[in-house]
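A look at the structure
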Amino acid sequence: RRNGLDARLLADTTDVGALTDRYPVVIANIQAEVLIARARDIAERASPGGLLVLSGVLADRQGDVRAAYPAFSLEGCAGAGEWVALVLRAPSVSA
């Protein structure tokens with residue numbers, strides 16, 4: 001609410017496995033172990049061509065997290081101290 005995005009952003013604690021919709025941007029800020037274990041559920045929430053932002057990753061686990069999303073292309077990576085965030089793009093649906 002403080003940044004004025006509350007009308008454009010939905011954030012809640014629903015288990016990702018219970019979701020069925022796809023979204024143009026999916027953000028998951030949790031530890032690497034969860035990002036890896038739940039990779040299929042998280043990946044399935046991204047719309048074709050959509051962005052997946054995976055943060056809360058210790059730099060030394062970046063490769064493990066990246067490997068859990070092999071169909072996604074790496075768009076970027078940002079770091080702050082020992083933490084990194086990966087920005088991945090979901091594959092587009094071929095016509």
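Residues numbered from 1 in each chain as written. Predicted model: local features only at pLDDT ≥ 70, side-chain atom pairs only at ≥ 80, totals over all residues. Heavy atoms only, no water.

A look at the sheet that holds strand β2 (residues 46-58)
Cut-off, in case you're wondering: Two strands pair if DSSP finds at least two bridges between them. Helix and strand labels come from DSSP, where a helix needs a run of H or I of at least four residues and a strand needs a run of E of at least two; each type is numbered from the N terminus. A fitted line through C-alpha atoms represents every axis, and for helices the fit uses only the stretch in contact; the resulting angles, taken between N-to-C directions, go from 0 to 180 degrees.
With mixed pairing, the four strands of this open sheet are ordered in space as β1-β2-β4-β3. Where the open sheet ends on each side, the last strands, each with one partner, are β1 (23-29) and β3 (73-80). Sheet twist, expressed as the average angle between the axes of neighbouring strands with direction ignored, equals 15°. As paired strands, β1 and β2 are joined by six bridges and run parallel to one another. Each residue of the ladder has a partner; that of V26, found in β2, is L52.

What about the packing of aromatic side chains?
Using the following cut-off: Centres within 6.5 Å make a pair out of two Phe, Tyr or Trp rings, where for Trp the six-membered ring is used; the pair is then stacked when the planes are under 30 degrees apart, edge-to-face when over 60, and tilted otherwise. Throughout this description, buried means an accessible area under 20% of the type-specific maximum (1.4 Å probe, protein chains only), exposed means over 50%, and partly exposed covers the range between.
Going through the model one piece at a time under the given rule, you end up with one aromatic pair. Both rings, one in Y69 and one in F72, keep their centres 6.2 Å apart while their planes meet at 90°; by these two values the pair is edge-to-face. You'll find Y69 and F72 in the same group, each marked buried.

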